[in-house]
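Here are the chains, one letter per residue:
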Number of protein chains: 4
Amino acid sequence: MSATRFTYLGPEGTFTEAALRTLPEAATRELVPAVSVPAALDAVRAGEAGAALVPIENSVEGGVTATLDELASGEPLMIYREVLLPIAFALLVRPGTALAGIKTVTGHPVAQPQVRNWLRANLPDALWESAASNADGARLVQEGRYDAAFAGEFAAATYGLEPLVTDIHDAQNAETRFVLVGRPARPAAPTGADKTSVVIWMGEDQPGALLELLQEFAVRGVNLMLIQSRPTGAGIGNYCFAVDAEGHIADRRVGEALMGLKRICPKVRFLGSYPRAGTARQDVRPLRAGTSDAEFTAASDWLARAQDGRTDS
Amino acid sequence: MSATRFTYLGPEGTFTEAALRTLPEAATRELVPAVSVPAALDAVRAGEAGAALVPIENSVEGGVTATLDELASGEPLMIYREVLLPIAFALLVRPGTALAGIKTVTGHPVAQPQVRNWLRANLPDALWESAASNADGARLVQEGRYDAAFAGEFAAATYGLEPLVTDIHDAQNAETRFVLVGRPARPAAPTGADKTSVVIWMGEDQPGALLELLQEFAVRGVNLMLIQSRPTGAGIGNYCFAVDAEGHIADRRVGEALMGLKRICPKVRFLGSYPRAGTARQDVRPLRAGTSDAEFTAASDWLARAQDGRTDS
Amino acid sequence: MSATRFTYLGPEGTFTEAALRTLPEAATRELVPAVSVPAALDAVRAGEAGAALVPIENSVEGGVTATLDELASGEPLMIYREVLLPIAFALLVRPGTALAGIKTVTGHPVAQPQVRNWLRANLPDALWESAASNADGARLVQEGRYDAAFAGEFAAATYGLEPLVTDIHDAQNAETRFVLVGRPARPAAPTGADKTSVVIWMGEDQPGALLELLQEFAVRGVNLMLIQSRPTGAGIGNYCFAVDAEGHIADRRVGEALMGLKRICPKVRFLGSYPRAGTARQDVRPLRAGTSDAEFTAASDWLARAQDGRTDS
Amino acid sequence: MSATRFTYLGPEGTFTEAALRTLPEAATRELVPAVSVPAALDAVRAGEAGAALVPIENSVEGGVTATLDELASGEPLMIYREVLLPIAFALLVRPGTALAGIKTVTGHPVAQPQVRNWLRANLPDALWESAASNADGARLVQEGRYDAAFAGEFAAATYGLEPLVTDIHDAQNAETRFVLVGRPARPAAPTGADKTSVVIWMGEDQPGALLELLQEFAVRGVNLMLIQSRPTGAGIGNYCFAVDAEGHIADRRVGEALMGLKRICPKVRFLGSYPRAGTARQDVRPLRAGTSDAEFTAASDWLARAQDGRTDS
């Protein structure tokens, strides 16, 4: 195993690499691109990398299903960090190319819906063809196969290109969430602004199961941030749910909710508790009354006394 | 204090005394009648009696409010046993009295609605006057003040009367539930067919609080057997709830539900966990999946492993 | 039938009569006392009185079970008005009696817990004996049988007595709620500060039924003001619930909630929609978003269009 | 507009075409392939096709996000039919090719995870490259660019190929669900085995909103078959939900649930009520007690009588 090496969804010059470089712990690691999300995560499972950064949620496209499905199955992995990256594209060209000279453009298929309006307004006659990644598109421009590529501005230098236009994005607030995934270990201590990820399987043919699942969280005052259904592979209508909840597995309200899920669901996989990106501790929604650790402890003490015949109210 | 003495809602010859005598532990105690439910419970609080048997619920009249209110307030007490007694009246007369000669009848006011139809059919012209208790009515017949009294058949001997008619009860299945109340101590171990009593106060002006209260039980699969609202004395619309739940405070699903209530309600008073009368262990409703102690323990173990970074599914 | 005559729980001089006299419509009626709540309501059923005023809830003692049970069973009746009356007692004596000369006191049994502290502080040695009603106690003082009676101050004149002390009440905010009951007819139009009363029967052995009942109200944003369990007479553990809800049966959220109850419960009895006493329209809790009549109508219109294939969003 | 022409996600020879041909109404239409899901649906919006068949859910890959997002936005469309198609691949080769001679294989990227195990066992050394569609892969084999393509067996004839191996699928029960989409019109009458699709938007920052949404369905006994979250495009954490519910918009329980959603959610889009594929009427889950149209009608009648003062129970 190599804790000195981090992998990420490559190739070089993608938004994933840019996101990884925002993490202080990446500064001292060797960063190695992987050809796919499964390849990145398998490198971690095999001990060839200490951790992998992969995209998990996109504000335009939704959950990244390859990542969700890889985390839900196979040998367990755990999330240790998340990174939120605003997604804005640059139009990269070979030095000297002018806007009027662009007949063909390329980019990752995911980029297309995010630049469609800009293209219609600015390059209505340019022909779009998809590339395997934004970075790969830049490479194809370098090789002369296309006139321009949509990619992150940071990719220009790598491929000897120039950013002709920057900050292109059709949707306001477009951003992608990435997670740093490693082999399972004890989560870092709570920071007060944490998030817990789990995957929860439902039993078959239980129409009210999702409602029960949500009530296990609600009754303990645990707010959900994301709930994403994924097929289990056992046929149409069989789903598991990837859930992100506010709080840390060491918080008693979260722990009790997870135990409740564990009892009523066929399978629960804990994917980690980690600091929330982009949320300062003072911006966390206040806890519902009766759900703080202090209140849990006071109630435990009360119960122990009552079980012992010491009723005090 | 006198553990050798039990008190009960008197006078002698009432159904409460009959209920008390069904308890094996009463056979070796001195049984002392009290003039009222508060008097019986205060004798226990003062250490003058080891326990008191008092009625708490009547299938015709409902909750016995004096008992509920006494248990909810004042120095804490605890319920250790319950007794279910079918309520059927005998018409007690002085020896030699015939039905045709009965012009006046008496009995406790609570008895009246339970014999009204019988009276209309059999003694349509008899005048009813209330007595302070069924036993007191029997005494007044002995003294010649009334011709007949409705009371338990067992009261006849005490007052030198004869049961002229027996098994009188308008309602099918009329029965009264009594509880044996003592000073707080560690409850007996679970029997598998147990009941837990609590009183729960709501915060002011919280229209959804009762729903939340019920959900604390429901989410842990704890069934309720009785819920009875009682005014708190703080004005119209301010209520607390006396609740009987299936299970024992040592059962983990019950303990977790009580802790949940303790956290969200201003005040919870534990009134005891004790064997259910009239329900054999095999007749207890099966537990909902995921709520047994074994499943609670397995979930706790799973959580401890997950908190330690050992995810196993 | 006699719409010109109102009856009430007598005798004359009780708090019920005082409450009745606060109603403008009582000013032009003949007011006739009845010996009991059932007698008062039967007089209405028989057409001998146009309406009856009876107590239904007491902030110290709770629901008045005789009234609840009478409204829940027998020929249907309906509530048209409610009256809230603060309960404060006067100590009534024959002219010339001084506090020091009082050896015996009387009053209705319900009065005793409300004056117990005052008695302990001011007449610690006086002997209490119960009377059939507060007014009856006053009559017994007039006849010389007791030295003093607790009753409403307004009862003094009727019985030729003097109020020696006034405004006696142990509990703050002690008050009683009375209802004016008549034969069923179309309720008056909503005032914006209304209340709806129903009695709801549960099916047998349905531990989650109360939770379902509350959810029928909660999902439509209808707040409950009172929920009171009453035995159905079919044995321990068989209950119906008397419920007071905010709003009027003509309000669509209330109507839809009642229909929901009607579908899932074996029996629902509508007891009336009537103005809330003591609550001005501006003091009514604001409706939850999405539950106004206008929002119900907009949603019905949307549904009708969607069913017709005209989707508009 | 051209009701005589149906479009579908092309090219010819895809599973979508195979699914479309199972519909009787397709037999009399001109079937025109479209290059993408948006292109197919825009052709319907523009009146160039009477309806479009597009995939919406895959038992291995989950919801087809392009379809969900197109139905949720833009000019409203409506679903009229669904088709369930088992997904099994054939390995198509040029006549005369033997298994031992296959060095390169192709197919749609979605096919790869469904044939991965088969490839590992039978062609461990073959190189996989993705094609734009399964049918496109077949064309590339025809042109000699690859040795074999995974596609539907039915595509062989179109491209002059032979199915060398058939019925290849790693997952048991792999199937895809397709929907026939048209311009909005009145849905066909209920068949007794129907499904209703809606898209529901949540308000911002309402952590309990999904629970409330599910309760609107649950309280009316409407079971959900699928719930799929999709980003609204307004930033990470902003989701709408695509929901399939059992029943038809003309069923009163479904209509009332939709009105409830309409009242509490910022936006609800009705996507149609249509017969469930693969479920005979007798296999539909029985309705929960109290949720049939007859029970809704009886409750409406009861309410109308109660509002008119005719209480009948």
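Residues numbered from 1 in each chain as written. Chains lettered and ligands numbered in written order. Predicted model: local features only at pLDDT ≥ 70, side-chain atom pairs only at ≥ 80, totals over all residues. Heavy atoms only, no water.

As named in an unreviewed UniProt entry, chain A is Prephenate dehydratase, taken from Streptomyces genisteinicus. Of chain A, the UniProt comment under Pathway (unreviewed entry) reads exactly: "Amino-acid biosynthesis; L-phenylalanine biosynthesis; phenylpyruvate from prephenate: step 1/1." (UniProt positions renumbered as here; feature names shortened; annotations may be inferred.)

Undergrad: Lay out the side chain of D:Asn134 in plain terms, naming residues and giving numbers.
TA: Counting through the fold element by element, D:Asn134 comes out in helix α5 (residues 134–142). If near-sequence neighbours (up to four positions away) are discounted, D:Asn134 is found in contact with D:Phe15, D:Phe89, D:Gly107, D:His108, D:Ala111, D:Phe150 and D:Ala151. (Helix = DSSP H or I, 4+ residues; strand = E, 2+ residues; numbered from the N terminus. Contact = heavy atoms within 4.5 Å.)

Undergrad: Now, about the interface of chain B and chain A: what can you tell me, with residues and values included?
TA: Contact residues are listed per partner, giving 38 residues for chain B and 38 residues for chain A. Across the chain B/chain A interface, buried area totals approximately 3500 Å², and carbon plus sulfur atoms make up 61% of it. Across the pair A:Arg220 and B:Glu256 runs a salt bridge, and its minimum N-O distance is 2.5 Å. One can count 10 residue pairs in polar contact (both at pLDDT 80 or more) joining chain B with chain A. Those elements that place two or more of their residues in the side of chain B that touches chain A are α7 (209–218), α8 (252–264), β15 (267–275) and α9 (293–307) of chain B. For the side of chain B that touches chain A, the element with the highest residue contribution is α9(B), accounting for 8 residues. Of the residues that constitute the side of chain B that touches chain A, the class distribution is 19 nonpolar, 8 polar and 11 charged. (Buried area = accessible area lost by both parts, 1.4 Å probe. Salt bridge = Lys/Arg side-chain N within 4 Å of Asp/Glu carboxyl O. Polar contact = N/O pair within 3.5 Å; in protein donor to acceptor, adjacent residues only side chain to side chain. Nonpolar A, V, L, I, M, F, W, Y, C, P; charged D, E, K, R; others polar.)

Undergrad: Go over the sheet that holds strand β12 (residues 194–201) of chain C, please, and point to the residues and values.
TA: Residue and element names in this part refer to chain C. One open sheet holds the 4 strands; their spatial order is β13-β14-β12-β15, and the pairing between them is antiparallel. Because the sheet does not close on itself, it has two edges, and the strands there are β13 (224–231) and β15 (267–275). Adjacent strand axes in the sheet meet at a mean angle of 15° when their direction is disregarded. In the sheet, β12 pairs with β15 via 8 bridges, with the strands oriented antiparallel. When the sheet's bridge partners are listed, Ser 197 is paired in β15 with Gly 272. Across the sheet, helix α8 (residues 252–264) is in contact with β12, β14 (239–246) and β15; its angle to β12 comes to roughly 5°. (Pairing = 2+ DSSP bridges. Axes fitted to C-alpha atoms, helices over the stretch in contact; angles between N-to-C directions.)

Undergrad: Give a description of the interface of chain D and chain A that names residues and reports values.
TA: On the chain A side, the residues contacting the 34 residues of chain D number 34 residues. The largest per-residue losses of area from chain D upon contact with chain A belong to D:Pro207, D:Leu211 and D:Ile236, which jointly make up 21% of the total buried on that side. Remark: the boundary between chain D and chain A carries 0 salt bridges. Here chain D is connected to chain A by 6 residue pairs in polar contact (both at pLDDT 80 or more). For the side of chain D that touches chain A, the secondary-structure elements that each account for two or more residues are β3 (51–58), β11 (175–182), α7 (209–218), β13 (224–231) and β14 (239–246) of chain D. For the side of chain D that touches chain A, the element with the most residues is β13(D), which contributes 6 residues. Per-class residue counts for the side of chain D that touches chain A are 15 nonpolar, 12 polar and 7 charged.

Undergrad: Can you lay out the packing of aromatic side chains for me, pointing to particular residues and giving the numbers?
TA: To describe a pair of aromatic rings, one takes the distance between the centres and the angle between the planes. Tallied over the full model, the rule gives 16 aromatic pairs over all chains. Consider the rings of D:Phe15 and D:Phe89, whose centres lie 5.4 Å apart with planes at 85°: the pair is edge-to-face. Note that D:Phe15 is positioned in helix α1 (residues 15–21) and D:Phe89 in strand β6 (residues 89–93), a separation of 74 residues in sequence. Neither residue differs from the other here; D:Phe15 and D:Phe89 are each classed as buried. In textbook terms, an aromatic cluster arises when at least three aromatic residues are bridged by ring pairs, as seen for A:Phe15, A:Phe89 and A:Phe154. Seen from the ring of A:Phe296, B:Arg263 lies directly overhead, with NZ or CZ sitting 3.6 Å from the centre. Above the face of the B:Trp201 ring, B:Lys267 is positioned so that its terminal group lies 4.3 Å from the ring centre. (Phe/Tyr/Trp six-rings, centres within 6.5 Å; stacked < 30°, edge-to-face > 60°. Buried < 20%, exposed > 50% of the residue type's maximum accessible area, 1.4 Å probe, protein only. Lys NZ or Arg CZ within 6 Å of the ring centre and 35° of its normal.)

Undergrad: Describe the sheet that holds β13(D), with residues and values.
TA: Residues and elements named next belong to chain D. Strand order in the open sheet formed by 4 strands is β13-β14-β12-β15, and the pairing between neighbours is antiparallel. The open sheet has two edge strands with one neighbour each: β13 and β15 (267–275). Ignoring which end each strand starts from, the neighbouring axes of this sheet average 15° apart. Helix α8 (residues 252–264) contacts β12 (194–201), β14 and β15 of the sheet and is inclined by roughly 5° relative to β12.

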